[in-house]
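Residue strings, one per chain:
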Amino acid sequence: MGEEECCSTQLIDGDGEFNVTGLENFMKTAKIAECGLSYAVVAIMGPQSSGKSTLLNHLFGTNFKEMDAFKGRSQTTKGIWLAKCVGIEPCTIAMDLEGTDGRERGEDDTAFEKQSALFALAISDIVLINMWCHDIGREQAANKPLLKTVFQVMMRLFSPRKTTLLLVIRDKTKTPLEHLEPVLREDIQRIWDSVSKPQVHTDTPLSEFFNLEVTALSSYEEKEEQFKEQVAQLRKRFFHSIAPGGLAGDRRGVVPASGFSFSAQQIWKVIRENKDLDLPAHKVMVATVRCEEIANEKLSHLTSDEGWLELEEAVQAGSVSGFGKKLSSILDAYLSEYDLEAIYFDEGVRNAKRQHLESKALHFVHPAYQTVLGHRRAKVLDNFKNALEQSLNKGEGFAASVRICAQSSMLEFDQGCADASIKQANWDTSKVREKLRRDIEEHTTSVRSAKLSEMIANYEKQLIKALAEPVEYLFEAAGGDTWALIRKLIQRETETALSGFSTALTGFELDQGTFDKMVQNLRDFARSVVEKKAREEAGKVLIHMKDRFSTAFSHDKDSMPRVWTGRENIRKITKDAFTASLRLLSVMAAIRLDEKPDKIENLLFSSLLDAKVAAPSGQGRNIGGSADPLASSSWEEIPPKDTLLTPVQCKSLWRQFKTETEYIVAQAISAQVAHKRNNNWIPPPWAILAMVILGFNEVMLLLKNPLYLILSFVIYLVSKALWVQLDVAGEFRNGPVSAIISVLSGFLPSLMDTLQQIFGAEQVHQRPEPSAAPNSLASQSFSSQTQTQMPTPQTESIPDSSIISNVSSSESVIGRSSSALSSSESSIEHSSSTLTQRQAANVQEKDFI
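Residues numbered from 1 in each chain as written. Predicted model: local features only at pLDDT ≥ 70, side-chain atom pairs only at ≥ 80, totals over all residues. Heavy atoms only, no water.

Can you walk me through the environment of Gln48 in this structure?
In this structure, Gln48 sits in the loop between β2 (39-45) and α3 (52-60). In the structure, Gln48 is positioned 29 residues away from Thr77 in sequence and 8.7 Å away in space, judged by C-alpha atoms. (Helix = DSSP H or I, 4+ residues; strand = E, 2+ residues; numbered from the N terminus.)

In structure tokens, the structure reads:
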């Protein structure tokens, strides 16, 4: 066999130095590290020059150096050599140990013999013990002393692990193997029984540590062909040696091929450093390596397990029912496999590695567990939100609803945690539970704020509706008790709102401080509504003052429109209207919600009204001796925040008010003058007496001749109708030329129309009377009252209807002429006066008829 195939290497030299580099090269060249656990180690020990190397070379195809018999018998193998067996499956490593009882080492050879023997037993699966056939039965031959030492140390060194001891009888004689084998087994058993054992192995049988096999070979020198045939038969036993029932025996302590180099170094180091050959460290080391490999293998299988991958995928999609049971089952399966494979290793190491495996596995699956808790937390939070909303919709108290829903939600979460928990771990769920509790509190706070805001907004709307319009009305009808009425209104409506508000707040179970603050805020809001409305109305105070003046000036105490007949005292009426308007201004000057007395009304009356106008009863006119009390930007008794109109503003408003109301007073005076002038057509009494005396004869003539009387009456009616219809007096006020043209142009049509109506020739359509001028307040009042007081007969004679129709027609013609010839302000006033006179004449005519 070529050297490149078996890669023979000296592992330990004759001085006991370990060839680390050589071993690494051997592992790499022979590709041992790739074998995993599928490899076996075979060692051979025996006396020097007993043919150990020759046997290995023929058995495994190695090329260990053999002794040249022609040069004499001497030491050939020094130290320990190893090589890869050729053509053996699985991969098998052969170790050739230096022979025992050699003269080259002398009496000191026992130390290295024991060390190399223990080394071979520690790392080998099969140990070949080469012995001469003729040494069987001898006490000091057949490596018996060495075996005794090895047995004694093995019980201290290893836990029960079967190593195959293959006793190879060399140069077999005629004695049958059936007779030789019992003797060997008896000798080995006696050696085992004679060694001192630890307490734990007192009753441990030899079979727990070793599996004894015996074979015999013919002499290589004398019967070479037969030797080779026997070796070929023996070689077959090394195929699949690690399979169950194979020659390798127990594989519980096998070190992975990748760790063989490290394991061999550590074993030799411990053997060299401990003279008593106590090697517990190697036992731990081997268990550590192997258990760690098993653990890593199981963890790797766990990460690719189909059940786990499906579970993880389901967890990412949402909450999984029974997550804890499913995951526990998967973990149990792999942990059980670990326990089964590592059962024969050192208990302490085995348990430690199991814990490490369990820790890694739990660390690996923990994110999925956290995801499950996250889904559970989100679901519970959603359920809490829905349950709280439903409870509130049913009208339940907020705090009670939150308490019940929160308890139910936390119980639901705890049940979900129990469902997701696994028996291999006691994971802490307090952080997720605390996060859920905070989320519930945050949502509760949000909902509480929203509900309180909504409730506050509703009660604020209620207060606005209850206060805004009534307060506006009270300001429009401002009087001396306005602010007292407003204070009563605020108190009544505020208490009504607070009664319901306090009841609603009870369900929130707020602390007393918060409760009192919210109640006070609602009180303040009610006050602010009034203050805001007061400021709005103060901005329109001039309009209110003019409306108040117009109402007081143009209507009497019975609220009837005044008719300026000349008998009214315009000066007194004007003063009363000014007083009412100034009282309104004093009410609107400041906010008086605190029932504090002030002198605003006294100051305004004494400063703005004429000295002859007395202030309201019970109020003084002491203004403090200031030259101009209103030349200030604040009131003495009123704080700036409650000031609506400063004294300076009141003075300016009053000046503007008087300017804008002068026209109304002037219109009333003009109406009185016009009324007096229009009602002065009756002659003085002396003139009437003279007319009666001087016209006595004519009157008697008319009385004696009724025809003249009727004719005179008809002529009077026609003339009167034409006079009224053509508005002759009014036309002449506009000038004689225009009057003559207008009268002449309308005389004939008016005459024909009048005659036709009188004699019933045809019915003439009556036109509506033109309305009075809109800017004449006195004329409107007079016209309205005249039409109201005018009697409406149930039946009218034809002459009466004709007269009224003629009067109406005359008014229409006169109106059209007046509109065509006059467009200035003076003509409008004159036309208004004329219409007033015409209406008075019409009334008198109807009374007369």
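Got a minute to help me understand the sheet that holds strand β7 (residues 210-216) in this structure?
Backbone-to-backbone hydrogen bonds join strands into a sheet, with any given pair of strands oriented parallel or antiparallel. A sheet is described by the order of its strands in space; here seven strands give the open sequence β1-β3-β4-β2-β5-β6-β7, paired in mixed fashion. The strands lining the two open edges of the sheet, one partner per strand, are β1 (9-12) and β7. Taken over all neighbouring pairs, the strand axes of this sheet differ in orientation by 25° on average, direction set aside. Of the strand pairs in this sheet, strand β6 (residues 163-170) and β7 are connected by seven bridges, and their pairing is parallel. Looking at the pairing, Leu167 lines up with Val214 of β7. Contacts from helix α6 (residues 177-194) reach β5 (126-132), β6 and β7 within the one sheet, and its direction differs from that of β7 by about 150°. (Pairing = 2+ DSSP bridges. Axes fitted to C-alpha atoms, helices over the stretch in contact; angles between N-to-C directions. Contact = heavy atoms within 4.5 Å.)

Explanation requested: the packing of aromatic side chains in the structure shown.
How two aromatic rings sit relative to each other is given by the distance of their centres and the angle of their planes. Per the counting criterion, the structure on display carries 16 aromatic pairs. Geometrically, the ring pair formed by Tyr369 and Trp427 is tilted, given 4.6 Å between the ring centres and 40° between the ring planes. With Tyr369 in helix α12 (residues 347-393) and Trp427 in the loop between α13 (398-420) and α14 (430-476), the pair connects residues that are 58 residues apart, well separated along the chain. By relative accessible area, which is 2% here, Tyr369 ends up buried. Consider the rings of Phe475 and Trp483, whose centres lie 5.3 Å apart with planes at 70°: the pair is edge-to-face. For Phe475, a relative accessible area of 0% gives the class buried. (Phe/Tyr/Trp six-rings, centres within 6.5 Å; stacked < 30°, edge-to-face > 60°. Buried < 20%, exposed > 50% of the residue type's maximum accessible area, 1.4 Å probe, protein only.)

Can you help me understand the UniProt feature "binding site: GTP" (unreviewed entry) in the protein chain in this one?
Within this structure's numbering, the places UniProt gives as "binding site: GTP" (unreviewed entry) are Gly46, Pro47, Gln48, Ser49, Ser50, Gly51, Lys52 and Ser53. Within the element layout of this structure, Pro47 appears in the loop between β2 and α3. Looking at the element boundaries, Gly51 is found in the loop between β2 and α3. (UniProt positions renumbered as here; feature names shortened; annotations may be inferred.)

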